[in-house]
Amino acid sequence: MKAVVCDRYGPPDILRLEDVEQPVPGPDEVLIRIRATTVNRSDCHYRLGTPPFARLFTGLLRPRHRILGSELAGDVEAAGPAVTEFTPGDAVFGVKAWKFGAHAEYICMRESAALARKPTGVSYEEAAAVCDGVILALMGLRPADIRQGRSILVYGASGSIGTAAVQLSRYYGADVTAVCNTENLELVKTLGADRVIDYTREDFTRNGQTYDVIFDAVGKHSFGRCRDSLNPGGIFLATDQLHNLVLALWTSRIGDKKVVFPIPPRYTKQDVVFLRGLMEAGQYRAVIDRRYPLADVVEACRYVETGQKSGNVVLTVG
């Protein structure tokens, strides 16, 4: 099968398309013919080997996993003898975090993994572009008790996690303020934001408005800068920067304003099934910025690393 191989840490140019051995499903696994996958921040950080301490887990001298990519949508081609939920021909979608492998024509996943039947009426590209952002957003929104009567500001509202956070917050009934650049203001309005702020023209930390929750979906803000913009008992949701783990422990004991840093995130079948229901009910939609064929993965990675993408970048696979 064709797969994008990453044998060393470095820039996008180190990636190459190769013929590799096709995986064989175990007793509790399905073999999936991938139709679409994505390039996201996790793929790029893994390939770069950043932050450096992460190499203790990803491989000291070279990446432990040669094929990147975690999100996918495709068709079940074979199933192990212990599999009861899926049969060959089923269209599925899901996410294989930590072990990757989706930048390829085939992948094996356990039946119990974060995998479900593809939502009816949704394309493979759309299905591939939703799981990671939604699950990471849910990991923050749940402990923040997002619901009707609570207000949330989403910073970086046009990215993968941000577009998910806006739509999910709207679904849960919260009052949503979205912060993004000028180009994406209309996009986040269509996702359900009650109001939008253009960060190139206004600093939300200085306008006097306060919120129950501030969700930094791109890891570019800080609790210190946002503290005065939180209501009493407010929560700062972090998605990056490990010092936020220390702050989460510290603020859990001192003060009434808290930092929540959900690490490590948990990718579950239940969340993928929940997402399928939202999409089939028209309450969640994929946001796709650009599509590339698998062979153009280097260009896709370069674009993701500009930090300018809105939503998701999809790779089509045959």
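A short tour of the structure in this document, coming up. (Residues numbered from 1 in each chain as written. Predicted model: local features only at pLDDT ≥ 70, side-chain atom pairs only at ≥ 80, totals over all residues. Heavy atoms only, no water.)

## Some words on the overall build of the chain
- In terms of regular secondary structure, the chain is built from 10 helices and 15 strands.
- By the compact-globule yardstick of 20 Å for 318 residues, the chain fits well, its C-alpha radius of gyration being 20 Å.
- Intrachain contacts of the chain at a sequence separation of at least 6 include 67% that bridge at least 24 residues.
- A total accessible area of about 14100 Å² is found for the chain, and carbon and sulfur atoms account for 51% of it.
- Counting 38 positive and 37 negative side-chain charges, the chain places the averaged centre of each group 4 Å from the other. (Helix = DSSP H or I, 4+ residues; strand = E, 2+ residues; numbered from the N terminus. Rg over C-alpha atoms; globule rule 2.2 N^0.38 Å. Contact = heavy atoms within 4.5 Å. Areas by Shrake-Rupley, 256 points an atom, 1.4 Å probe, with all protein chains shown as cover. Lys, Arg positive; Asp, Glu negative; His and termini not counted. Charge placed at Lys NZ, Arg CZ, Asp CG, Glu CD.)

## Remarks on the packing of aromatic side chains
- If you walk through the whole model with that rule in mind, you get 7 aromatic pairs.
- Summarising the aromatic geometry, the rings of Tyr-171 and Tyr-172 are spaced 5.2 Å apart at their centres and angled 65 degrees between planes, so their arrangement reads as edge-to-face.
- Among the aromatic side chains, those forming a connected cluster through ring pairs are Tyr-155, Tyr-199 and Phe-204.
- Residue placement shows Lys-118 over the ring face of Tyr-124; its charged tip is 5.1 Å from the ring centre.
- It is Arg-290 that lies over the ring of Tyr-303; its NZ or CZ is 3.7 Å from the centre. (Phe/Tyr/Trp six-rings, centres within 6.5 Å; stacked < 30°, edge-to-face > 60°. Lys NZ or Arg CZ within 6 Å of the ring centre and 35° of its normal.)

## Some thoughts on the packing of helix α4 (residues 131-141) against helix α9 (residues 269-280)
- Closest axis-to-axis distance for the α4/α9 pair is 10 Å, and the angle between their directions is 110 degrees. Our classification of the angle between α4 and α9 gives roughly perpendicular. Of the residues in α9, those touching α4 at Cys-131, Val-134, Ile-135, Leu-138 and Met-139 are Asp-271, Val-272, Phe-274 and Leu-275.
- Among the residues making up the contact of α4 with α9, the classes are represented as 8 nonpolar, no polar and 1 charged. (Axes fitted to C-alpha atoms, helices over the stretch in contact; angles between N-to-C directions. Parallel < 35°, antiparallel > 145°, perpendicular 65-115°, else oblique. Nonpolar A, V, L, I, M, F, W, Y, C, P; charged D, E, K, R; others polar.)

## Let's talk about the pairing of strand β15 (residues 312-316)
- Among the 5 residues that make up β15, 4 are buried, leaving the element largely enclosed by the rest of the structure.
- Here 4 bridges tie strand β3 (residues 29-39) to β15, and the two strands are oriented antiparallel to one another. Residue pairing across strands places Thr-37 opposite Leu-315, the latter belonging to β15.
- The pairing of strand β14 (residues 288-293) with β15 spans 5 bridges and is classified as parallel. Each residue of the ladder has a partner; that of Arg-291, found in β15, is Val-314.
- Regarding the hand of the β-α-β motif, the stretch spanning β14, helix α10 (residues 297-304) and β15 is right-handed. (Buried < 20%, exposed > 50% of the residue type's maximum accessible area, 1.4 Å probe, protein only. Pairing = 2+ DSSP bridges. Right-handed = clockwise from strand over helix to strand, strands pointing away.)

## Remarks on unusual backbone geometry
- Cis peptide bonds are those with omega within 30 degrees of zero, and the linkage from Thr-50 to Pro-51 qualifies with -10 degrees.
- Mapped onto the elements of the fold, Pro-51 is located in the loop between α1 (41-48) and α2 (55-58).
- For the bond from Ile-263 to Pro-264, the omega torsion is -5 degrees, close enough to zero to count as cis.
- Located in the positive-phi region is Phe-100, a residue other than glycine, with phi close to 55 degrees.
- Along the chain, Phe-100 falls in the loop between β5 (91-95) and β6 (106-110).
- Owing to a relative accessible area of 7%, Phe-100 belongs among the buried residues under this scheme.

## Focus on α9
- Between its first and last C-alpha, α9 extends 17 Å over 12 residues, near the 16 Å set by a 1.5 Å rise per residue.
- For α9, the set of buried residues is Lys-269, Asp-271, Val-272, Leu-275, Leu-278 and Met-279.
- Against β5, β7 (115-117), α3 (124-128), α4 and α5 (160-171) lie the buried residues of α9.
- Looking at the residues trailing α9, positive phi occurs at Gly-282, about 75 degrees. (Expected span 1.5 Å × (residues − 1).)

## Quick word on the environment of Arg-47
- In this structure, Arg-47 sits in helix α1.
- When near neighbours in sequence (up to four residues on either side) are disregarded, Arg-47 contacts Cys-6, Arg-8, Tyr-9, Gly-10, Pro-11, Pro-12, Ile-14, Leu-15, Leu-68, Cys-301 and Glu-305.

## Focus on the pairing of β3
- Burial analysis of β3 places 10 of its 11 residues in the buried class, the great majority of the element.
- Sheet topology places β3 next to β6; 5 bridges connect them, and they run antiparallel. Across the sheet, the residue bridging to Leu-31 is Cys-108, located in β6.
- Bridge count between β3 and strand β4 (residues 71-79): 7 bridges; the pairing is antiparallel. In the strand pairing of β4, Arg-33 is matched with Asp-75.

## Let's talk about a nonpolar patch on the surface
- A contiguous nonpolar surface patch, about 950 Å² in accessible area, is contributed by Phe-53, Leu-56, Phe-57, Leu-60, Leu-61, Leu-242, Leu-245, Leu-249 and Ile-263.
- Accessibility expressed as a relative area gives 58% for Leu-60, which makes it exposed. (Patch = residues over 30% accessible without salt bridge, like charges linked within 9 Å, V, L, I, M, F, W, Y side chains within 5 Å. Salt bridge = Lys/Arg side-chain N within 4 Å of Asp/Glu carboxyl O.)

## Focus: the sheet that holds strand β8 (residues 151-155)
- A sheet is described by the order of its strands in space; here 6 strands give the open sequence β10-β9-β8-β11-β12-β13, paired in parallel fashion. What marks the edges here is a single partner per strand, and that holds for β10 (195-198) and β13 (258-260). Along the sheet, successive strands turn relative to each other by an average axial angle of 20 degrees, direction set aside.
- Here strand β9 (residues 175-180) runs beside β10; their pairing, made up of 4 bridges, is parallel. Counterpart to Val-179 in the pairing with β10 is Ile-197.

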